[in-house]
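One-letter residues, chain by chain:
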Amino acid sequence: MGRTGGKGLSLARRLYASRILGLVLGLLCVSVAMYPLDPPAWVWALMLFNGLVWPHLAYQWARRAKVPYHAEHRNLLIDAFLGGFWVASMHFNPLPSATTISMMAMNNVAIGGLRFLLAGAAAQLLGVGVGLVVFAPAFVPMTTPAQLYACLPLLTLYPLALGWICFRQAYTLGLHKRELLALSRTDSLTGLLNHGAWKDQLEIQFERCKRQQTGAAIALIDIDHFKAINDTYGHVAGDIVLRQLSKMLKQNLRMADVAGRYGGDEFCVILPDLPLFNAAQAMEALRERFSFLVYDQNPALKVSLSIGLAALDPAHGDATRWLDDADQALYEAKAGGRNRVICCSDNNPRREVFDSV
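- Looking at an unreviewed UniProt entry, one finds the protein named diguanylate cyclase and attributed to Pseudomonas glycinae.

What follows is the structure in structure tokens.
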């Protein structure tokens, strides 16, 4: 649980509903156990206050506190103290006492683990001590059928409610964890995989292709003269170009293809189960479409791509060698005048497949 005000307030809201249910059911359990003891009117008034008023008072106390998290922990300790007090007031009637203690312990361990369980147990012992001072020490060894039935709703409904709250919390935390994992693997500007996540996918695809003896290609894509674009038109225009390329990759690649931002103005694509020539055709189509884009904010802006392609070679010892081939092909595309696709294959190590018209 977080200790900031917002998260503390969220904790208070969750416990508000469970406290209402638990204390109303607890009121039934304790009142039936106390009835044969003929307690004075103030004890009945305290029972009604604890069961019907305290849940709302505790919530308002936490909601208005500077740090709701700390206030709610204080409320839970008060719950435990009052639970211990009622155990002593019932003269340790076995079933109502065990029900009260176990429900309090379940609540405390669910909220704060072993440490808070021990803190709650200490508060319960203090409550028992106060109860022994207020009431004459005594022990009721038998639980009547009426008292047994009065305990059953608390024994059945409250664990269900607490379990549901814990499930919802675990589900929310799992959702947040998945969102954080996705964010940690995604480039914030383009929405594509970031460098590290794409390299992980490259290793996975490399091992899969080697194991299944299937082909694949990888493409390294560089935006030509990207620094000049930033210098001439500004970084906002540069970001627009990057987003346009990422959008085009998402729209034109297959579902099986894996695109990422390798770094700066360089992008990367894994094209599994695709022959090199077909991969080159797909990249050439991408290059042509991208070169015809018009930017409304800067009509004079024209952008081209240099692309290096490499097929998976059975002789590659690891994915790095495969990536090096694509990198060398990209280097030749840029050295040869840019705005072209250069392909590297085992049959013809450096072969220009397409270039600009």
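Having put the structure on the table, let's press on.
### Points about the overall build of the protein
Now for step 1: Each helix and strand counted, the protein has 10 helices and six strands in total.
Now for step 2: On C-alpha atoms alone, the protein measures out to a radius of gyration of 34 Å, which is more than a quarter above the 21 Å that the 2.2 N^0.38 rule sets for 357 residues.
Now for step 3: Overall size of the protein, expressed as C-alpha extent along the three principal axes, is 100 × 50 × 25 Å.
Now for step 4: Per-residue burial for the protein yields a buried fraction of 46% across its 357 residues.
Now for step 5: A fraction of 72% describes how many contacts in the protein between residues 6 or more apart in sequence connect residues 24 or more apart.
Now for step 6: Total accessible area on the protein stands at roughly 18,100 Å², and carbon and sulfur atoms take up 63% of it.
Now for step 7: A gap of 12 Å separates the mean positions of the 33 positive and 28 negative side-chain charges of the protein.

### Quick look at the side chain of Asn93
Now for step 1: Relative to the assigned elements, Asn93 resides in the loop between α3 (68-89) and α4 (94-134).
Now for step 2: Of the polar contacts made by the side chain of Asn93, one reaches the side chain of Thr143; its length is 2.7 Å.
Now for step 3: When near neighbours in sequence (up to four residues on either side) are disregarded, Asn93 contacts Val140, Met142, Thr143 and Gln147.

### Observations regarding the UniProt feature "transmembrane region" (unreviewed entry) in the protein
Now for step 1: Mapped onto this numbering, the UniProt entry gives "transmembrane region" (unreviewed entry) at residues 16-35, 41-59, 116-140 and 146-167.
Now for step 2: Structurally, residues 16-35 is divided into 95% helix and 0% strand, and its ends, taken at the C-alpha atoms, are 28 Å apart.
Now for step 3: As a span, residues 146-167 carries 100% helix and 0% strand, and end to end its C-alpha atoms are 33 Å apart.

### Quick word on α4
At 3.6 residues per turn, the α-helix brings residues three or four places apart onto the same side.
Now for step 1: With 41 residues, α4 should cover 60 Å at 1.5 Å per step; its first-to-last C-alpha distance of 20 Å lies more than 12% under that length.
Now for step 2: At Gly112, α4 shows its largest kink, close to 135°.

### Describing unusual backbone geometry
Now for step 1: Backbone geometry at His91 places phi at a positive 60°, although glycine is not the residue there.
Now for step 2: Overall, His91 belongs to the buried group, its relative accessible area being 15%.

### What to know about a negative patch on the surface
Now for step 1: A cluster of acidic side chains, namely Glu203, Glu207, Asp318, Asp324 and Asp327, defines a negative patch on the protein surface.
Now for step 2: For the negative patch, the secondary structure elements donating two or more residues are α6 (195-212) and α10 (319-335).
Now for step 3: With respect to the helices, strands and loops of the structure, Asp318 is situated in the loop between β4 (305-311) and α10.
Now for step 4: The exposure class assigned to Asp318 is partly exposed, which follows from its relative accessible area of 36%.

### A word on helix α8 (residues 235-252)
Now for step 1: Between its first and last C-alpha, α8 extends 26 Å over 18 residues, near the 26 Å set by a 1.5 Å rise per residue.
Now for step 2: Where α8 is concerned, the buried positions are Ala237, Gly238, Ile240, Val241, Leu242, Leu245, Ser246, Met248 and Leu249.
Now for step 3: Buried positions along α8 lie against β1 (216-223), α7 (226-233), β2 (258-263), β3 (266-272), α9 (276-291) and β4.

### Quick word on the nonpolar core
Now for step 1: Grouped together as the largest cluster of nonpolar side chains are 36 residues, with contacts concentrated most on Ile221, Ile223, Leu249, Leu271, Met283, Phe290 and Leu309.
Now for step 2: Among the nonpolar cores identified, the runner-up in size contains 24 residues, and Trp198, Ala216, Ile270 and Leu330 belong to it.

About the criteria used
- Residues numbered from 1 in each chain as written.
- Predicted model: local features only at pLDDT ≥ 70, side-chain atom pairs only at ≥ 80, totals over all residues.
- Heavy atoms only, no water.
- Helix = DSSP H or I, 4+ residues; strand = E, 2+ residues; numbered from the N terminus.
- Rg over C-alpha atoms; globule rule 2.2 N^0.38 Å.
- Buried < 20%, exposed > 50% of the residue type's maximum accessible area, 1.4 Å probe, protein only.
- Contact = heavy atoms within 4.5 Å.
- Areas by Shrake-Rupley, 256 points an atom, 1.4 Å probe, with all protein chains shown as cover.
- Lys, Arg positive; Asp, Glu negative; His and termini not counted.
- Charge placed at Lys NZ, Arg CZ, Asp CG, Glu CD.
- Polar contact = N/O pair within 3.5 Å; in protein donor to acceptor, adjacent residues only side chain to side chain.
- UniProt positions renumbered as here; feature names shortened; annotations may be inferred.
- Expected span 1.5 Å × (residues − 1).
- Bend = angle between axes of the 7 residues up to and from the residue.
- Patch = residues over 30% accessible without salt bridge, like charges linked within 9 Å, V, L, I, M, F, W, Y side chains within 5 Å.
- Salt bridge = Lys/Arg side-chain N within 4 Å of Asp/Glu carboxyl O.
- Core = buried A, V, L, I, M, F, W, Y, C linked by side-chain atoms within 4.5 Å.

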